[in-house]
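These are the residues of each chain, in order.
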Amino acid sequence: AMLPDSKENQEFVQDINEMEKMLDGYLAFVSGEGGEKTTFVDMNEVVTSIINKYRRNSNALIRYSTNYDVSAVQGREQALRRAITNVLENAFHYGNTIAVHLESEGKHVQLQIEDDGPGIPKDKREDVFKAFYRLEGSRNKKTGGVGLGLSIAKDIVVSHGGTIELADSNLGGLKVII
């Protein structure tokens, strides 16, 4: 039986589709995480390959810099790739100029991703790491985001013994420090 085509029913169907998208996103993350082995991961190579993919498909200006010290870390490569991709995807979605800097020092690797987008207000920066949380206005349903990107990135970074923080970018938007 078909439901009458009312505005409420259309919204209901949209909500169901939205939930399906969220669950698909989360299940893809969970299933990908399961059995991945830890190896030495060249972060310079990982970051460069992700950036090059975006360079081909975007007209944003991307600056990449590194201090070229050894940037290998022990970790799960696909997971780390997913975390960095999620953060970069946001930068490309909201900014036109993106600056990425990878720095190795001793046993630590720091990755900074900056953009010139609208940024995230200080009082919302903790919230954006919660699953399914989206900033109103800047993140609308039509863009297809389900509010899992930063939540997943944080889970992956923390599971590797790292931290992820948000700050103001010198470009005027958001700076993500991993």
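Heads up: these notes are all about the structure in this document.

Thresholds, definitions, all that
Residues numbered from 1 in each chain as written. Predicted model: local features only at pLDDT ≥ 70, side-chain atom pairs only at ≥ 80, totals over all residues. Heavy atoms only, no water. Helix = DSSP H or I, 4+ residues; strand = E, 2+ residues; numbered from the N terminus. Buried < 20%, exposed > 50% of the residue type's maximum accessible area, 1.4 Å probe, protein only. Contact = heavy atoms within 4.5 Å. Areas by Shrake-Rupley, 256 points an atom, 1.4 Å probe, with all protein chains shown as cover. Expected span 1.5 Å × (residues − 1). Arc of directions from axis to C-beta. Pairing = 2+ DSSP bridges. Axes fitted to C-alpha atoms, helices over the stretch in contact; angles between N-to-C directions. Phe/Tyr/Trp six-rings, centres within 6.5 Å; stacked < 30°, edge-to-face > 60°. Lys NZ or Arg CZ within 6 Å of the ring centre and 35° of its normal.

### Some remarks on the overall build of the protein
Looking only at helices and strands, the protein has four helices and seven strands in total. The order of helices and strands in the protein, counted from the N terminus, is α-β-α-β-β-α-β-β-α-β-β. The proportion of buried residues among the 178 residues of the protein is 38%. Taking as baseline every contact in the protein between residues at least 6 positions apart, the subset at least 24 positions apart corresponds to 66%. Of the roughly 10,700 Å² of accessible surface on the protein, 52% is carried by carbon and sulfur atoms.

### Describing helix H2 (residues 43-57)
Under the 1.5 Å per step criterion, the end-to-end length of H2 is 22 Å for 15 residues, consistent within 8% with the ideal 21 Å. For H2, the complete set of buried residues consists of Met43, Val46, Val47, Ile50, Ile51 and Tyr54. Within H2, the buried residues cover an arc of 120° as seen down the axis, which keeps them to one side. Each element contacted by the buried residues of H2 is listed here: strand S1 (39-42), strand S2 (61-66), strand S3 (72-75), helix H3 (77-94), strand S4 (97-105) and strand S5 (108-115).

### With respect to the environment of methionine 43
Position of methionine 43 among the secondary structure elements: in helix H2. Spatially, the C-alpha atoms of methionine 43 and serine 104 are 9.6 Å apart, while their sequence positions differ by 61 residues. For methionine 43, the residues in contact, after removing those within four places along its chain, are Ser71, Val73, Leu80, Ile84, Leu102 and Val109.

### A closer look at the sheet that holds S4
Read across the sheet, five strands follow the order S2-S4-S5-S7-S6 without closing on themselves; strand pairing throughout is mixed. The two strands at the open ends of the sheet, each matched to only one other strand, are S2 and strand S6 (165-168). Between one strand axis and the next, the sheet turns through 15° on average, direction left out of account. Pairing between S5 and strand S7 (residues 174-177): three bridges, direction antiparallel. Bridge pairing links glutamate 114 to lysine 175 in S7. Here H2 sits on the sheet and contacts S2, S4 and S5; the angle it forms with S2, its principal contact strand, is near 170°.

### Some details on helix H4 (residues 149-159)
Taken as a whole, H4 has its buried residues at Leu150, Ser151, Ile152, Ala153, Ile156 and Val157. One or two residues past the end of H4 sits glycine 161, with phi positive at roughly 80°.

### A short note on the packing of aromatic side chains
Overall, the coordinates contain one aromatic pair when judged by the stated rule. Aromatic side chains tyrosine 54 and phenylalanine 92 sit 4.3 Å apart centroid to centroid with 10° between the ring planes, which places their arrangement in the stacked category. With tyrosine 54 in helix H2 and phenylalanine 92 in helix H3, this pair connects stretches of sequence that are 38 residues apart. Pair check on accessibility: tyrosine 54 and phenylalanine 92 agree, each one buried. Over the face of the ring belonging to phenylalanine 129 we find lysine 154, whose NZ or CZ atom lies 5.0 Å from the ring centre.

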